[in-house]
Amino acid sequence: MKKILVFLVALIMFIPTMVVNASSANISVQASNTVMVGNNVTVTVTLSSSSLIGSWQADLSYDKSLLRLTSSTAEAGGASMVGVSQSGTKSKKYTFTFKALKSGSAKVSINSFYLVDYNTMDTMNTTGASKTISIKTKEQIEASYSDNANLKSLSIDGYSLTPAFSKSVKEYNVEVPNEIESINISASREDANASVSGTGEKTLVEGNNKFNVVVTAQKGNSVTYIVNVYRKELNPISVTVKNKNYTLVRKEENLPEYKTFTVKTVLYEDTEIPALYSEITGLTLIGIKDDDGNVSTYIYEDNKITDIYIELDNYAVTLLPLSLKESDMFKEYEKTTIEISGASVDAYKMPGSKYAVIYASNVETGVENYYTYFMDDGSFQVYDKDIARNLDEKISIYKYVIYGLIGVVVLQFLILIFIPKKKKTKKKKQDYLESIDSHIDEEIKDEIKNNTKAKEEINKSNKKIEKEFNTKVETSEDNEIKLIKK
């Protein structure tokens, strides 16, 4: 028994020296999880090993009723991968492009394969791999989209929101000191498929600053979170314009920039404030802001805030719209209000016309004039009466053409209604005339037939008389004349 145990131990110690561990390799199949019917999907097959691979063979199988192979980097251009490496390789990659034919679950797999170790020439230990691709129609894909448009978190660096964040609360307030000129808004989405806009660094003006953080769900619906950041003002100055309360802009950097205007300081009720001044137009502008922090500029003259200042910046000209001046040139026009670049502007306009006439000052030259505004392309041109007349004439001609076309259509419609009846009456009349003609023809035929028969009877009678006469002449003894019957 002791000898047997010694033999077994020796055998166990000897066996590991006889076993040769075969090298292993890996096969992976990668592709998108979902593809829409009619679109292409790329499948990537990778053969890899920590040892050198000398040669390989693998076949890619797939459902031909769901997928059609359109291109391949395999050696034969199909689904079969066969190769040899002269110096050995640790990785080999193939790509296959398929077109999705119809909805379903398409499995792409490597089932038949072998890989050979470059050094030992032994078959490597390898297992197959597969990937299932979900093919869906556009409707099916859109139906699966998430409609989650909620935020998971919302914050302003260094400050607390009021109230505390909750995805169901859509508006928040924050107050910061006057010296804080910018803040950073951070937010994260609850659904990874949603998108978030409105975050990042934001510049602050004195007073209230309103920022919108918009979350758009994968399905397209959106939710807006509002963040009101109030930057404290030093001695704010309140003003009322057209029964609405504003505060004056107290810092130069918060004023907008306009052509030909430079910054200067003016007094407003014994307080110095920044303003904009143009030597060309002679206008002075000051800035006012609403409760949401939106800044507008108004004309400031004789220590009073008058009209809002609007620049119409278009192509090569920048205009300041003015009140319309009465003119005999526009007797046939109607006075109205049009919108240009979001601003309401007084204008003359012909009904149905695609252009309007405004009165404005050229900001760069200070010259006031009538300008034609073309609604199609948003361009301006100094008003030319002759051009305008031609345009109006063309519009009138087009109107008459349209009215004429309408008349033709109505006339054709009436013809379509009544002509079938006339055709029917005409047909009846024609049938009646044909019946009369037929009757007359029959009578004429009968008359001709009767006449022919009568003529035949006369001819027979004449021949009989002639025969009898000839016979009598031939048989008369006293008659010296002899008639020869031919």
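Residues numbered from 1 in each chain as written. Predicted model: local features only at pLDDT ≥ 70, side-chain atom pairs only at ≥ 80, totals over all residues. Heavy atoms only, no water.

This next bit is on the nonpolar core. By size, the foremost hydrophobic cluster in this structure holds 29 residues, and its most contacted members are Val45, Met81 and Phe96. The set of elements that each furnish at least two residues to this core consists of strand E1 (26-30), strand E3 (40-61), strand E5 (80-100), strand E6 (104-117) and strand E7 (129-136). Setting aside residues no more than four positions away along its own chain, Val45 makes contact with Ile27, Ser28, Val29, Leu60, Met81, Lys92, Lys93, Tyr94, Phe96 and Ile110. Of all hydrophobic cores here, the second largest spans 20 residues; its members include Leu154, Val176, Val223 and Val227. (Core = buried A, V, L, I, M, F, W, Y, C linked by side-chain atoms within 4.5 Å. Buried < 20%, exposed > 50% of the residue type's maximum accessible area, 1.4 Å probe, protein only. Helix = DSSP H or I, 4+ residues; strand = E, 2+ residues; numbered from the N terminus. Contact = heavy atoms within 4.5 Å.)

Let us look at the layout of surface pockets. In this structure, the largest pocket spans a volume of roughly 460 Å³. When residues of the lining of the largest pocket are traced back to their parent elements, those giving at least two are strand E21 (304-308), strand E23 (317-321) and strand E25 (343-349). For the lining of the largest pocket, the element with the most residues is E25, which contributes four residues. Across the lining of the largest pocket, the residue classes break down as eight nonpolar, four polar and three charged. (1 Å grid on protein atoms, 1.4 Å probe; cavity = no way out; pocket = protein on both sides within 12 Å on 5 of 7 lines; lining within 4 Å. Points joined across faces, edges and corners; volume = space filled by probe spheres on them. Nonpolar A, V, L, I, M, F, W, Y, C, P; charged D, E, K, R; others polar.)

In this structure the tally under the stated criterion is 14 aromatic pairs. Ring geometry for Tyr268 and Tyr300: centres 6.0 Å apart, planes at 45 degrees, overall tilted. Note that Tyr268 is positioned in strand E17 (residues 261-268) and Tyr300 in strand E20 (residues 295-301), a separation of 32 residues in sequence. For the pair formed by Tyr268 and Tyr300, the shared burial category is buried. Note on Phe330 and Tyr333: the rings are 5.3 Å apart at their centroids and 85 degrees apart in plane angle, and the pair reads as edge-to-face. Exposure class is identical for Phe330 and Tyr333. Each is buried. Every member of this aromatic cluster is reached through a ring pair, and the members are Phe330, Tyr333, Tyr348, Tyr359, Tyr370 and Tyr383. Taking the ring centre of Tyr62 as reference, the NZ or CZ of Lys64 above it sits at 4.6 Å. Its guanidinium or amino end placed over the ring of Tyr94, Lys92 lies 5.3 Å from that ring's centre, counting from NZ or CZ. (Phe/Tyr/Trp six-rings, centres within 6.5 Å; stacked < 30°, edge-to-face > 60°. Lys NZ or Arg CZ within 6 Å of the ring centre and 35° of its normal.)

The next subject is the pattern of salt bridges. Going through the model one piece at a time under the given rule, you end up with six salt bridges. Salt-bridge contacts for Glu190 lead to Lys167; the nearest nitrogen and oxygen are separated by 3.1 Å. Separated by 23 residues along the polypeptide, Glu190 in the loop between strand E10 (182-189) and strand E11 (195-197) and Lys167 in the loop between strand E8 (151-156) and strand E9 (171-176) bring together distant segments of the chain. The partner of Glu326 in a salt bridge is Lys335, and the shortest N-O contact between them spans 3.8 Å. Comparing Glu326 with Lys335, the two get one shared label, exposed. (Salt bridge = Lys/Arg side-chain N within 4 Å of Asp/Glu carboxyl O.)

Functional significance is not addressed by these values, which are geometric in nature.
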